[in-house]
Amino acid sequence: MTPTLYQTLLGAAFFRLPDALRALHGVHGTARYSGEVTVVRGTGLLSRVCGRLAGMPRAMTGAPITVDFASGPKGEVWSRVFGTPPKASRMRSRLSHRNGELRERIGPVHFRFVLHTWDGTIFWNVAGARLLGVLPLPVALFRDIRCNEREVDGRYAFEIEAALPLAGPIVRYHGWLLTAPADAA
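Here is a short report on the structure shown in this document. Bear in mind the structure is a predicted one, so any value in this text is a computation, not a measurement. (Residues numbered from 1 in each chain as written. Predicted model: local features only at pLDDT ≥ 70, side-chain atom pairs only at ≥ 80, totals over all residues. Heavy atoms only, no water.)

### Some words on the overall build of the protein chain
Item 1. For the protein chain, the count of helices and strands is three helices and 11 strands.
Item 2. Put simply, the protein chain runs from its N terminus to its C terminus through helices and strands in the order α-α-β-α-β-β-β-β-β-β-β-β-β-β.
Item 3. For the protein chain, the C-alpha radius of gyration of 16 Å lies close to 16 Å, the compact-globule estimate for 185 residues.
Item 4. Based on the C-alpha atoms only, the size of the protein chain along its principal axes is roughly 45 × 40 × 30 Å. (Helix = DSSP H or I, 4+ residues; strand = E, 2+ residues; numbered from the N terminus. Rg over C-alpha atoms; globule rule 2.2 N^0.38 Å.)

As structure tokens, this is what we get:
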């Protein structure tokens, strides 16, 4: 069977991860996971504009989250639904790899991340970014983007935090997903 995106990027380290991370990142085909999320948005004008342009979810506490994964030979698509309709926020990103880096397209920005593991946690470190996939952006702009994935109480847990110079905090969201698919996507 063809290795998944994370198996390819992490190699042998993937198989030393906790069960919850291996289950979620070992998906072939499609799967739906659900859980709970808290989202804190930046309050400044520039922060709100940046968050909206990037398609970040609205602020919410202890809200439901659903993530549909579609994994294939060219990468993965993550379709997230934060909250419940009609006020649900949707965010979609495409992930792939090249030259040992994770590539994620989210909104108008195309990110390059280097993944590493430590003590059962996956850390994402920004290695580069481009606006609309064409215009290179200084990596220093994104030094305050932090992402990690880990297992907490047997569940997949995540924490994403993004701030930009001048704009300040854009978004911080954290929560968990059930490691067994809720139902097929």
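### Considerations on the pattern of salt bridges
Two side chains carrying opposite charge are able to pair once their charged atoms lie near each other.
Item 1. The full count for this structure, using the stated rule, is seven salt bridges.
Item 2. For Glu101, the salt bridge is made with Arg103, and the minimal N-O distance between the two is 3.7 Å. Both residues of the pair, Glu101 and Arg103, belong to the buried class.
Item 3. In the salt-bridge network here, residues are joined through shared partners; they are Glu101, Arg103 and Arg112. (Salt bridge = Lys/Arg side-chain N within 4 Å of Asp/Glu carboxyl O. Buried < 20%, exposed > 50% of the residue type's maximum accessible area, 1.4 Å probe, protein only.)

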